[in-house]
Amino acid sequence: MTSTSTDTSKTVEKSAEVANRNGALVTDQGTTTIADTVVQKIAGLAAREVRGVYDLGGGTARTIGALRDRIPGASSSIGQGVSVEVGEKQAAVDLELVVEYGVAIAELARAVRRNVITAIEQMTGLEVVEVNINVNDVYIEDDADQQQPTRDRVQ
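A quick note: this is a predicted structure, and the numbers were derived from the prediction, not measured.

Let's shift gears to the overall build of the protein chain. Within the protein chain, the regular secondary structure consists of five helices and six strands. From first element to last, N terminus to C terminus, the protein chain shows the α and β order α-β-β-α-β-α-β-β-α-β-α. Here the protein chain holds 155 residues, and 26% of them are scored as buried.

This part is about a negative patch on the surface. Residues Asp-36, Glu-85, Asp-94, Glu-96 and Glu-130 make up a contiguous surface patch of negative charge. On the basis of relative accessible area, Glu-130 is assigned to the partly exposed category, the value being 39%.

With that settled, the discussion passes to a nonpolar patch on the surface. Taken together, the side chains of Tyr-101, Val-138 and Ile-140 make up a nonpolar region of the molecular surface, amounting to roughly 340 Å² of accessible area. Tracing the backbone shows Ile-140 in the loop between β6 (127–139) and α5 (143–146). Ile-140 sits in the exposed class, given a relative accessible area of 56%.

Once that is clear, we can look at the nonpolar core. One finds Val-93, Leu-95, Val-112, Val-116 and Ile-120 to be the most contacted residues of the largest nonpolar core, which totals 25 residues. Put simply, the parts of the chain that give this core at least two residues each are α2 (36–48), β3 (53–56), β4 (82–86), β5 (90–100), α4 (105–124) and β6.

Right, let's get into the packing of α2 against α4. For any two helices packed against each other, the geometry comes down to the angle between their axes and how far apart the axes lie. As a packed pair, α2 and α4 sit with axes 8 Å apart at the nearest point and diverge in direction by 140°. Comparing the axis directions of α2 and α4 gives the class oblique. Where α2 crosses over α4, the two elements pack in a sense that is right-handed. Contact residues: α2 offers Val-39, Ile-42, Ala-43, Ala-46 and Ala-47, while α4 offers Val-112, Asn-115, Val-116, Ala-119, Ile-120, Met-123 and Thr-124.

Moving on, we get to the environment of Tyr-139. Position of Tyr-139 among the secondary structure elements: in strand β6. Residue Tyr-139 is classed as partly exposed on the basis of its relative accessible area, which comes to 25%. Note: C-alpha distance between Tyr-139 and Gly-102 (37 residues apart in sequence) is 9.5 Å.

Residue position: Ile-117 is located in helix α4. Spatially, the C-alpha atoms of Ile-117 and Ala-46 are 8.7 Å apart, while their sequence positions differ by 71 residues. In this structure, Ile-117 is in contact with Val-128 and Val-131, ignoring residues within four places of it in sequence.

Here we come to the environment of Leu-25. Tracing the backbone through its elements, the reader meets Leu-25 in the loop between α1 (3–23) and β1 (26–27). Contact partners of Leu-25, with chain neighbours within four places excluded, come to Gly-30, Thr-31, Thr-32, Ile-34, Glu-88, Thr-124, Gly-125 and Leu-126.

Scoring rules and cut-offs
- Residues numbered from 1 in each chain as written.
- Predicted model: local features only at pLDDT ≥ 70, side-chain atom pairs only at ≥ 80, totals over all residues.
- Heavy atoms only, no water.
- Helix = DSSP H or I, 4+ residues; strand = E, 2+ residues; numbered from the N terminus.
- Buried < 20%, exposed > 50% of the residue type's maximum accessible area, 1.4 Å probe, protein only.
- Patch = residues over 30% accessible without salt bridge, like charges linked within 9 Å, V, L, I, M, F, W, Y side chains within 5 Å.
- Areas by Shrake-Rupley, 256 points an atom, 1.4 Å probe, with all protein chains shown as cover.
- Salt bridge = Lys/Arg side-chain N within 4 Å of Asp/Glu carboxyl O.
- Lys, Arg positive; Asp, Glu negative; His and termini not counted.
- Charge placed at Lys NZ, Arg CZ, Asp CG, Glu CD.
- Core = buried A, V, L, I, M, F, W, Y, C linked by side-chain atoms within 4.5 Å.
- Axes fitted to C-alpha atoms, helices over the stretch in contact; angles between N-to-C directions.
- Parallel < 35°, antiparallel > 145°, perpendicular 65-115°, else oblique.
- Left-handed = near helix turned anticlockwise from the far one by under 90°.
- Contact = heavy atoms within 4.5 Å.

In short, geometric facts, not functional conclusions.
Put into structure tokens, the structure is as follows:
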């Protein structure tokens, strides 16, 4: 058996597995509909689990998120930096990432994509058709973050 036929059989098995899960969303007893925000939150949490992802969202979204975090009682947006399209059986995800300096971006993107697809497909039964990743910033730990607080010269 060649490598191509092995890859094809694995793809067919995965498609059959996803189809079986999709069947659970539409049954004789009723239909299960999954909201976009549910998939958005799952994708956001799954992306943040991957080591090397510093944050999600563009500059404006992160600024608004930081302000929201300072307001007592306001909830942080887990779906920040995540946009999704959800159909009856499929979902597509777009992520905006800020990566930590020194991380191999291509490997990080593969890991994030794999984690997001696995989480969404296992939790919802939807087939994830694509996960697009936009790396829009690199987090560099600032020297000011590392400095020890100075003592006052006069007591």
